[in-house]
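# A look at the structure
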Amino acid sequence: MSVWDDLVGQDRVTEQLSAAARDADALVTAAASAAGEVPPGGSMTHAWLFTGPPGSGRATAARAFAAALQCVSPDRAVGGTPGCGFCEGCHTTLVGTHADVEIVRTDQLSIGVKETRDLVRRAQLSPAGGRWQVIVLEDADRLTEGAGNVLLKAVEEPAPRTVWLLCAPSLEDVLPTIRSRCRLLTLRTPPVAAVADLLARRDGIEPELAARVARATQGHIGRARRLATDERARARRAAVLKMPLRVDDVGGCLKAAQELIDAAAEDAKQVAEEVDTKETEEMRAALGAAAGTGSRLPRGTAGAMKELQDRQKRRSTRTQRDSLDLALVDLTGFYRDVLAMQLGSRVEVANADMRDALERVAGASGPEGTLRRIEAIIECRRALDRNVAPLLAVEAMTMALRAG
């Protein structure tokens, strides 16, 4: 299995990355034989920007390319494409243990200047044992303005064998000065059938369930896998899709909004229970505290624990926002199906398991009202991005859904 197999429905992107990996391999081989630096040329460059809608596989593409750059398969000498998926370079990159590949993702609301400076310092190092020094920044859209300016210098003047792989939803999410120095690759939403095939083939999910969740998420690979494997995720989604039937009066609107916020908070709490306790115990052990949560910390270590707690709080906030945004995406999909029914479209509905509810809502209003409801959901997502209090934003949305 090659490193490109998980890039679902991205044939054009795969071709471009494969060509660049071949050129990169030739450059490093030529430089090694000449005992010099890597010469410029071909389709390889030092900075790449992967963009595409959520679920398109931006991070997957970046990781696959990083693995191909580190590929040491002997087949390369006889014309094989780098990225075999089996050699040490490919395997360690894909599992995240390669010494010369730094994969950066954040569970915080943003990536700050300090973290970015650490990355820039690493990028100046020569590869320790691999062929390239590769920095994969999966959340480039979360860089603060100051962090973006720090990164700009490194992208402008890269080390000879350093490659930056940045991932963001769109060009507008990255500073113009950075994106102008990167080669752009735009991924598309994978076909539903291809996502269903991947879930059945790679994850062992029943074909019928795989097809249903792939259709429900409209090709979002990560969400489809979660729906297929997590019963709680399916239950939460079903509850969200019942909201359009519960906004007949003001009381119903306010109750539905509160329940949506509570469900997002519960999601964040579950993540915290799984991660925070382990992190806290490891930190206490590292600081020399005795076993047991009631034991006192050594003198002078309270600041480190406070920093950990602050980081956990920021992660909880992001988890809650992400969960709420996911619910709003599902709600948008519901009204998209309603609109398709009202217009007599032949497009297959995504929420086929909710057909009765779709027909009920479609029959009670017109296309204009449905469009206004979709706009209300979009406006709610924008308000949350502007840090409006979540409950107020969702209450305003549910009232707009009632008004139509």
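Owing to the predicted nature of the structure, the values given are computational and were not obtained by experimental measurement. Here the residue index of a chain counts from 1 through its sequence in written order. This being a predicted model, a pLDDT of at least 70 is required before a residue's local features are given, and a value of 80 or more before pairs of side-chain atoms are given or counted; all residues contribute to the totals for chains, interfaces and linings. The side-chain figures draw on all heavy atoms in the structure; neither hydrogens nor water molecules are used.

## Details of the overall build of the protein
- Under the DSSP-based scheme used, a helix requires at least four consecutive residues in state H or I and a strand at least two consecutive residues in state E, with every element numbered from the N terminus. Within the protein one finds 15 helices and five strands.
- Scaling as 2.2 N^0.38, a compact globule of 404 residues should have a C-alpha radius of gyration of about 22 Å, and the protein matches this with 24 Å.
- Each of the three principal axes of the protein carries a C-alpha extent, and together these read 75 × 65 × 40 Å.
- Residue contacts are counted whenever heavy atoms from the two residues lie within 4.5 Å of one another. Partitioning the intrachain contacts of the protein with sequence separation of at least 6 by distance along the chain shows that 71% fall at a separation of at least 24.
- On the protein, roughly 20,100 Å² of surface is accessible, and the fraction owed to carbon and sulfur atoms is 52%.
- Neither His nor the chain ends is counted toward charge; the positive residues are Lys and Arg and the negative residues Asp and Glu. Every charge is mapped to an atom, namely NZ of Lys, CZ of Arg, CG of Asp or CD of Glu. Positive and negative charge centroids in the protein, built from 54 and 55 side chains respectively, lie 2 Å apart. Radius of gyration: C-alpha atoms only; globule rule: 2.2 Å multiplied by the number of residues to the exponent 0.38. Calculation of accessible area relied on Shrake-Rupley with a 1.4 Å probe; when residues are assessed, cover is drawn exclusively from the protein chains displayed.

## Some details on the nonpolar core
- Definition used in this section: a nonpolar core is a set of buried Ala, Val, Leu, Ile, Met, Phe, Trp, Tyr and Cys residues joined via side-chain atoms within 4.5 Å. In this scheme, a residue with accessible area under 20% of its type's maximum is buried, one over 50% is exposed, and one in between is partly exposed, where area comes from a 1.4 Å probe on protein chains only. In terms of nonpolar packing, the biggest core is built from 35 residues, with L17, M44, W48, F50, F65 and L165 touching the most fellow members.
- Where this core is concerned, the elements lending two or more residues are α1 (11–34), β1 (47–51), α2 (58–69), β2 (101–104), β3 (133–137) and β4 (162–168).
- Considering each element in turn, this core owes the most residues, eight residues, to α2.
- Beyond its immediate chain neighbours, meaning those up to four positions away, F65 contacts W4, L17, A20, A21, M44, W48, F50 and L165.
- Counting 32 residues, the second largest nonpolar core, distinct from the first, contains L241, M243, L260 and L401.

## With respect to the state of the cysteines
- Cysteine sulfur pairs qualify as disulfides if the two atoms are within 2.5 Å. This model, assessed by the stated rule, comprises zero disulfides.
- Take C90: it sits in no disulfide, and the sulfur closest to it among the cysteines is that of C87, at 3.6 Å.
- C167 takes part in no disulfide bond, and the closest cysteine sulfur to it belongs to C182, at a distance of 11 Å.
- With a relative accessible area of 1%, C167 lands in the buried category.

## Focus: the sheet that holds β4
- Taking strand neighbours across the sheet as the criterion, the five strands line up as β2-β3-β4-β1-β5 in an open arrangement whose pairing is parallel. Across the chains shown, the open sheet's two edge strands, defined by having one partner strand only, are β2 and β5 (183–186). For this sheet, the mean inter-axis angle between neighbouring strands, taken without regard to orientation, is 15°.
- At least two DSSP bridges between two strands are needed for those strands to be called paired. Direction of pairing for β2 relative to β3: parallel, over a ladder of four bridges. Bridged to E102 within β3 is I135.
- Those strands touched by α2 are β1, β2, β3 and β4, and its axis lies near 165° from that of β4. For helices, the fitted line uses only the C-alpha atoms of the stretch in contact; every axis is such a line through C-alpha atoms, and the angle between N-to-C directions lies from 0 to 180 degrees.

## Notes on the pattern of salt bridges
- Here, a salt bridge means any side-chain nitrogen of Lys or Arg that lies within 4 Å of a carboxyl oxygen of Asp or Glu. A complete count under the given rule lists 24 salt bridges for this structure.
- Across the pair E102 and R122 runs a salt bridge, and its minimum N-O distance is 2.7 Å. With E102 in strand β2 and R122 in helix α4 (residues 113–123), this pair connects stretches of sequence that are 20 residues apart.
- Taking relative accessible area as the criterion, E102 reaches 26% and is therefore assigned partly exposed.
- On the basis of relative accessible area, R122 is assigned to the partly exposed category, the value being 22%.
- Residues participating in the shared-partner salt-bridge network are D6, R202, D203 and R225.

## Points about the packing of α2 against helix α3 (residues 88–95)
- The N-to-C vectors of α2 and α3 enclose an angle of 150°; their axes lie 8 Å apart at closest approach. Between α2 and α3, the interaxial angle falls into the category roughly antiparallel. Relative to α3, α2 is oriented so that their crossing is right-handed. Each of R63, A66 and A67 in α2 lies in contact with α3, whose residues at this interface are C90, T93 and L94.
- Polar here means any residue outside two lists: the nonpolar Ala, Val, Leu, Ile, Met, Phe, Trp, Tyr, Cys and Pro, and the charged Asp, Glu, Lys and Arg; Gly therefore counts as polar. Considered class by class, the residues forming the contact of α2 with α3 number four nonpolar, one polar and one charged. Each angle receives one of four descriptions, namely roughly parallel if under 35 degrees, roughly antiparallel if over 145, roughly perpendicular if within 65 to 115, and oblique otherwise. For any helix crossing, the convention is left-handed if the near helix is rotated counterclockwise from the far helix by under a right angle, and right-handed if that rotation is clockwise.

## Considering the packing of aromatic side chains
- Pairing of aromatic rings covers Phe, Tyr and Trp, the last through its six-membered ring, and needs centres within 6.5 Å; plane angles under 30 degrees mean stacked, over 60 mean edge-to-face, and all others mean tilted. Summed over all chains, the structure comprises two aromatic pairs.
- Between F334 and Y335 the ring centres are 5.6 Å apart and the planes differ by 85°, which places this aromatic pair in the edge-to-face class. Pair check on accessibility: F334 and Y335 agree, each one buried.

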